[in-house]
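# Close look at the chain arrangement
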Amino acid sequence: MAFLSDTLSRVKPSPTIAVTTKANELKAAGKDVIGLGAGEPDFDTPQNIKDAAKAAIDAGKTKYTAVDGIPELKKAICAKFARENGLTYAPNQITVGTGGKQTLYNAFMATCNPGDEVIIPAPYWVSYPDMVLLAGGTPVAVECGIESNFKLLPAQLEAAITPKTKWFIFNSPSNPTGAGYTRAELKALTDVLMRHPHVWIMSDDMYEHLVFDDFEFCTPAQVEPGLYDRTLTCNGVSKSYAMTGWRIGYAAGPVALIKAMGTIQSQSTSNPSSISQYAALEGLTGPQEFLAQNKILFQRRRDLVVGMLNDAKGVTCPKPEGAFYVYPDISGCIGKTSAAGTKITNDEVFATALLEETGVAVVFGAAFGLSPNFRVSYATSDDVLKEACTRIQTFCAALA
Ligand SMILES: Cc1ncc(COP(=O)(O)O)c(C=O)c1O
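Here goes a summary of the coordinates provided. Here the residue numbering is sequential within each chain, running from 1 through the sequence in written order. In keeping with the predicted nature of the model, local features appear solely for residues at pLDDT of at least 70, side-chain atom pairs appear and are counted solely at 80 or more, and the whole-chain, interface and lining totals rest on all residues. Excluding hydrogens and water, the side-chain figures rest on all heavy atoms present in the structure.

Time to look at the overall build of the protein chain. Helical segments are the DSSP runs of H or I of at least four residues, strand segments are the runs of E of at least two, and each set is numbered from the N terminus. When its secondary structure is counted, the protein chain shows 14 helices and twelve strands. The globule rule used here is 2.2 Å times the number of residues to the 0.38 power, and the radius of gyration it is set against is calculated over C-alpha atoms. Rg of the C-alpha trace for the protein chain: 21 Å, near the compact-globule value of 21 Å for 400 residues, within the 12% margin. By its C-alpha atoms, the protein chain is 60 × 55 × 55 Å across when sized along the principal axes. Think of it in three bands: with a 1.4 Å probe and only protein chains considered, a residue is buried below 20% of the maximum accessible area for its type, exposed above 50%, and partly exposed in between. Looking at the protein chain as a whole, 56% of its 400 residues qualify as buried. For the protein chain, contacts bridging at least 24 residues in sequence account for 74% of all contacts bridging at least 6. Accessible surface computed for the protein chain: about 16,100 Å², of which carbon and sulfur atoms make up 57%. His is not counted, nor are the chain ends, whereas Lys and Arg count as positive and Asp and Glu as negative. One atom stands in for each charge, and that atom is NZ of Lys, CZ of Arg, CG of Asp or CD of Glu. Taken as two groups, the 35 positive and 40 negative side-chain charges of the protein chain have centres that lie 3 Å from each other. Residue contacts follow a heavy-atom distance rule, with two residues in contact if any of their heavy atoms lie within 4.5 Å. Areas reported as accessible are Shrake-Rupley estimates using a 1.4 Å probe. Residue values count occlusion only from the protein chains shown.

Below you can see the structure in the form of structure tokens.
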């Protein structure tokens, strides 16, 4: 349509949201559907956080706030970085936005010029390439296959860097694979980055608190202090504190970049919800036991899902270090025909047939830039997961 902008033609709607919408539609139509598409915890926000929000409303904290966050929240975020990551930031190095998504978007909008390249290890969170495109930059996807447990190798990073590279996006634990980089693996990447001073690092630490066994989370500016001046460390309360609907994310970095991001925000949305900011403040400063309990819960679910998916014919499911996703490979299913007669030519056909024939909704791998795979979000109850995995096993066993 001539009315629509050229910018719009560069991007597509989020496929993960599309899967959730389709599953909800089928459910509303009375179908027995299990949705494993949504990327959010299945439980409620902790009571102390809800109470803080109610108190904020009653105290009249219902007006505009400073564009990129109330001072109390910025201070709490500085304390969080010092406490959990050994990183020292001042409040003027912090920006708070409407979800992690907005802070990442602001960063691209504030920095990308036409021709600027952004290195994105694939599989990636679906929004990275489209945000880069919206900002006028060029996403450069680098495939990280199952053989490296979906992790980028130093030689791959070195080969992807050009004089035009502006950003390298690092996401550990990862959406969609759950893969987490050890300190040694990350150090090998930061060593490469130290040799290329024009490249900035955007670290998306959204799943920091969801790591399992004895895995230790680490972030680039912590592992290599030499990168501090060109790293934007991004995080948020959505996943860790079960606060996806509240829409609070934050980032820390050099003052000039943070200021530029604030300028973008001031002319688009202004401040994130005042009430949500007070809720996030309670999340970051209140009791933290909730985080450890979640880890135990999600680790049990991960083990359940990995075990059952590896028992499905034609499916190989690596065991991830964190997040609440697994990303099984389905090479062994491609080329076969389902019980209802669908030829499985790629992972999108697989996911559609799985939904139509068994009612299990997953997101196909092509959406994340690495095929043939699918993503399962295991942020749902053990019983639901068992039923879903049993249906996947039955579907795969019938492929011929
Ligand atoms: C890797 C990653 N980064 C950022 C976000 C955005 O989080 P928020 O809901 O706070 O915008 C998500 C949400 O799915 C994510 O998976």
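There is more to say after this.
Bringing the sheet that holds strand 2 (residues 94–97) into the picture now. Two strands make a pair as long as DSSP finds a minimum of two bridges between them. Overall, mixed pairing links the seven strands, which are arranged 2-8-7-6-5-3-4 in an open sheet. Of all strands in the sheet, those with a lone pairing partner are strand 2 and strand 4 (138–143), marking the two edges. Across this sheet, the average inter-strand angle for adjacent strands is 20 degrees, counted without regard to direction. As paired strands, strand 7 (residues 231–236) and strand 8 (residues 249–252) are joined by four bridges and run antiparallel to one another. Residue pairing in the sheet places N235 in a bridge with Y250 of strand 8. Contacting strand 2, strand 7 and strand 8, helix 4 (residues 71–85) crosses the sheet at an angle of about 115 degrees to strand 2. Structural elements are reduced to axes, namely lines fitted to C-alpha atoms, with helices fitted over the stretch in contact, and the angle between N-to-C directions of any two is expressed from 0 to 180 degrees.

Close to the ligand lie 13 residues, the nearest being G100, D204, Y207, S238 and K239. The separation between an oxygen atom of the ligand and a polar main-chain atom of K101 is 2.9 Å. Under this definition, polar contacts are N or O atom pairs within 3.5 Å; protein pairs additionally need one hydrogen-donor-capable and one acceptor-capable atom, and for neighbouring residues in sequence, both atoms have to be side-chain atoms. R247 is positioned with one of its side-chain polar atoms (N or O) 2.8 Å from an oxygen atom of the ligand. Considered on its own, the ligand offers 400 Å² of accessible surface; in the complex 92% of this is hidden by protein. With three residues, the top contributor of residues to the shell around the ligand is helix 5 (residues 99–111). Residue classes in the shell around the ligand are distributed as four nonpolar, five polar and four charged. Residues are classed as near a molecule or strand on a simple rule: at least one heavy atom within 4 Å of it. Charged means Asp, Glu, Lys or Arg here, nonpolar means Ala, Val, Leu, Ile, Met, Phe, Trp, Tyr, Cys or Pro, and polar covers whatever is left, Gly included.

A few words on the pairing of strand 6 (residues 200–204). For strand 6, a buried count of four out of five residues is recorded, marking the element as mostly surrounded by other parts of the structure. One ladder, built from five bridges, connects strand 5 (residues 165–171) with strand 6; its direction is parallel. When the sheet's bridge partners are listed, N171 is paired in strand 6 with D204. By the criterion used throughout, a crossover qualifies as right-handed when its path from the first strand across the helix to the second strand runs clockwise, the strands pointing away from the viewer. Traced from strand 5 through helix 8 (residues 183–194) to strand 6, the parallel crossover comes out right-handed. Examined bridge by bridge, strand 6 and strand 7 share four bridges and lie parallel to one another. Its bridge partner lying in strand 7, I201 is registered against T231.

Next up on the list: the packing of helix 4 against helix 11 (residues 274–285). Geometrically, a packed helix pair is captured by the angle between its two axes and the distance between the axes. Where helix 4 contacts helix 11, the axes come no closer than 9 Å and their chain directions differ by 30 degrees. With respect to their mutual orientation, helix 4 and helix 11 come out roughly parallel. Classified by chirality, the crossing of helix 11 by helix 4 is left-handed. In this structure, helix 4 uses E72, L73, A76, I77, K80 and R83 to contact helix 11, whose residues at the interface are Q277, Y278, A280, L281, L284 and T285. Class assignment of the residues belonging to the contact of helix 4 with helix 11 gives a composition of seven nonpolar, two polar and three charged. Any angle from 65 to 115 degrees is called roughly perpendicular, while one under 35 is roughly parallel, one over 145 is roughly antiparallel, and all others are oblique. Crossing handedness follows the turn of the near helix against the far one: under a right angle anticlockwise gives a left-handed crossing, and clockwise gives a right-handed one.

The next subject is the packing of aromatic side chains. Aromatic rings from Phe, Tyr and Trp, with only the six-membered ring used for Trp, were paired whenever their centres fell within 6.5 Å, and each pair was classed as stacked if the ring planes differed by under 30 degrees, edge-to-face if by over 60, and tilted otherwise. Tallied over the full model, the rule gives 18 aromatic pairs. With a centroid separation of 5.9 Å and 45 degrees between ring planes, the pair formed by F43 and F298 is classed as tilted. Residue F43 is found in the loop between strand 1 (34–35) and helix 3 (47–58), and its partner F298 is found in helix 12 (residues 289–310); the two are separated by 255 residues along the sequence. Of the residues examined, F43 reaches a relative accessible area of 22% and is grouped as partly exposed. Among the aromatic residues, those joined into a cluster by ring pairs are F43, Y207, F290, F298, F324, Y325 and Y378.

Remember that the coordinates give geometry; whether it matters functionally is a separate question.
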